[in-house]
Amino acid sequence: MTTKPTAFCLPFCLALAACGAPATSPQKVHDPHAVQVGQPGDATCIATSTAENQRIAARTNAARRQAGLPPLQANSLLADAAARHACDMARRGRMTHVGSTSSGPGDRLRALGYRPAISAENIAAGRFSLEQVLHEWTISAGHRANMMLPQIRDVGIGQALAADGRTRYWAAIYSAPSQNRRR
């Protein structure tokens, strides 16, 4: 499943995108839905706190519970992959699921030793907090679809601040480990 990005402006510029795919195709791809949000430059890469990672799990699990789906666990490895991707996007000034050295979240997870059976990713860029981005993802059909994938079991979130000091890049990765190897 691949969905087109949603982009709109509120009192601040906000761009969102969601993608989900089986974690079995590592080839490099072009992201036709990428959004150039700002200028490339030095970014402030922010490590995900345990509290932030637990917050996305709790917020996602509230929505999943209403749909009768099993809860997700906050996963520090997924948070690390998400934080690295948020930083990569902030450095490039580009909101995209394609990383500088990866074609999507499955590649990024495999590089860290997590073997995904499935992976999906929500990304955003704009001037908003963790609570705001979680709210936007919850009310957006494409982002919510990623959060509601019945097969996923783990979640992690990451953020980075762009060179302009105002634009925050967010990435959330949703995944389930392959049955033949769980990290």
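As shown above, the structure is provided for reference.
The model shown is predicted, which means the values in this text are computed figures rather than measured ones. Here the residue numbering is sequential within each chain, running from 1 through the sequence in written order. Reporting of local features is limited, given that this is a predicted model, to residues whose pLDDT is at least 70; pairs of side-chain atoms are given and counted only at 80 or more, and all residues count toward the totals for whole chains, interfaces and linings. Only hydrogens and water are set aside; all other atoms, that is, all heavy atoms of the structure, feed into the side-chain values.

Visitor: Help me understand the overall build of the protein, please; the structure alone is not making it clear to me.
Guide: Numbering goes from the N terminus for both helices and strands, where a helix is a DSSP run of H or I of at least four residues and a strand is a run of E of at least two. Counting its secondary structure elements, the protein contains five helices and nine strands. A simple rule labels every residue: compare its accessible area, found with a 1.4 Å probe on the protein chains alone, to the largest value its type can have, and call it buried under 20%, exposed over 50%, or partly exposed in between. Residue burial in the protein is summarised as follows: out of 183 residues, 52% are buried. Put simply, 76% of the contacts in the protein that link residues at least 6 apart link residues at least 24 apart. Method for areas: the Shrake-Rupley scheme with a 1.4 Å probe, in which residue coverage is limited to the protein chains shown. As presented, the protein carries roughly 8400 Å² of accessible surface, and 53% of it is formed by carbon and sulfur atoms. Contacts are assigned to residue pairs with any non-hydrogen atoms lying within 4.5 Å of each other.

Visitor: When you look at the environment of Ala67 in this model, what are you seeing that I'm missing?
Guide: Positionally, Ala67 belongs in the loop between helix H1 (50–66) and strand S5 (73–74). For the pair Ala67 and Pro150, spaced 83 residues apart in the sequence, the C-alpha separation amounts to 9.8 Å.

Visitor: Sorry if this is basic, but what is going on with the state of the cysteines here?
Guide: Where two cysteines share a covalent bond between their sulfur atoms, that bond is called a disulfide. Any pair of cysteine sulfurs within 2.5 Å is marked as a disulfide. Counted under the stated rule, the structure contains one disulfide. Disulfide pairing is shown between Cys45 and Cys87; the S-S distance is 1.6 Å. Taken together, the positions of Cys45 in strand S4 (residues 44–46) and Cys87 in helix H2 (residues 76–92) put the pair 42 residues apart, joining distant regions of the chain.

Visitor: Would you explain H2 in this entry?
Guide: For an α-helix the count is 3.6 residues per turn, leaving residues at separations of three or four pointing the same way. Residue count minus one, scaled by 1.5 Å, sets the expected span of a helix. The end-to-end C-alpha separation of H2 is 24 Å, in line with the 24 Å expected for 17 residues at 1.5 Å each. Counting buried positions along H2 yields 12 of 17 residues, so the element is predominantly enclosed. Structurally, the start of H2 carries an N-cap: the backbone nitrogen of Leu77 is 2.8 Å from a side-chain oxygen of Asn75. Just past H2, the residue Gly93 takes up positive phi, approximately 65°. Think of a polar contact as two N or O atoms within 3.5 Å of one another; within protein, one of them needs to be a possible hydrogen donor and the other a possible acceptor, and neighboring residues in sequence only count if both atoms come from side chains.

Visitor: Would you mind showing me how to read the packing of H1 against helix H4 (residues 130–139) here?
Guide: In helix packing, the relevant descriptors are the interaxial angle and the interaxial distance, both defined with respect to the helix axes. Angular values range over 0 to 180 degrees, each being the angle between N-to-C directions of two axes fitted as lines to C-alpha atoms, with helices fitted over their stretch in contact. Two numbers describe how H1 lies on H4: the axes approach to 11 Å, and their chain directions differ by 25°. When the axis of H1 is compared with that of H4, the two are roughly parallel. As for how H1 packs across H4, the hand of that crossing is right-handed. Contacts between H1 and H4 involve Glu52, Arg55, Ile56 and Arg59 on the former and, on the latter, Leu130, Glu131, Leu134, His135, Trp137 and Thr138. Just so you know how the angles are binned, under 35 degrees is roughly parallel, over 145 roughly antiparallel, 65 to 115 roughly perpendicular, and the rest oblique. Each crossing gets its hand from how the near helix is turned against the far one by less than a right angle, where anticlockwise is left-handed and clockwise is right-handed.

Visitor: I'm lost on the pairing of strand S7 (residues 116–126) in this one. Help?
Guide: Here S7 lies mainly inside the structure; 10 of its 11 residues are buried. As judged from the 10 bridges shared by S7 and strand S9 (residues 168–177), these two strands associate in the antiparallel manner. Across the sheet, Asn122 pairs through a bridge with Ala172, a residue of S9. By this definition, two strands are paired if DSSP reports at least two bridges between them.

Visitor: Can you walk me through the pairing of S9 in this structure?
Guide: A regular strand places its side chains so that they alternate between the two faces of the sheet. For S9, the buried fraction is high: nine of the 10 residues fall into the buried class. Between strand S8 (residues 154–161) and S9, which pair antiparallel and follow one another directly, the connecting turn spans six residues, one of which, Gly165, has a positive phi of 75°.

Visitor: Explain the pattern of salt bridges to me, please; I cannot follow it from the model alone.
Guide: Between side chains of opposite charge, a pair can form as their charged atoms come close. Salt bridge, as used here: a side-chain nitrogen of Lys or Arg that lies within 4 Å of a carboxyl oxygen of Asp or Glu. Scanning all chains against the criterion turns up six salt bridges. With a closest N to O distance of 3.2 Å, Asp80 and Arg84 form a salt bridge. Taken together, the positions of Asp80 and Arg84, both in helix H2 and four residues apart, correspond to about one turn of that helix. The exposure class of Asp80 is partly exposed, given its relative accessible area of 28%. In the salt-bridge network here, residues are joined through shared partners; they are Arg55, Arg59 and Glu131.

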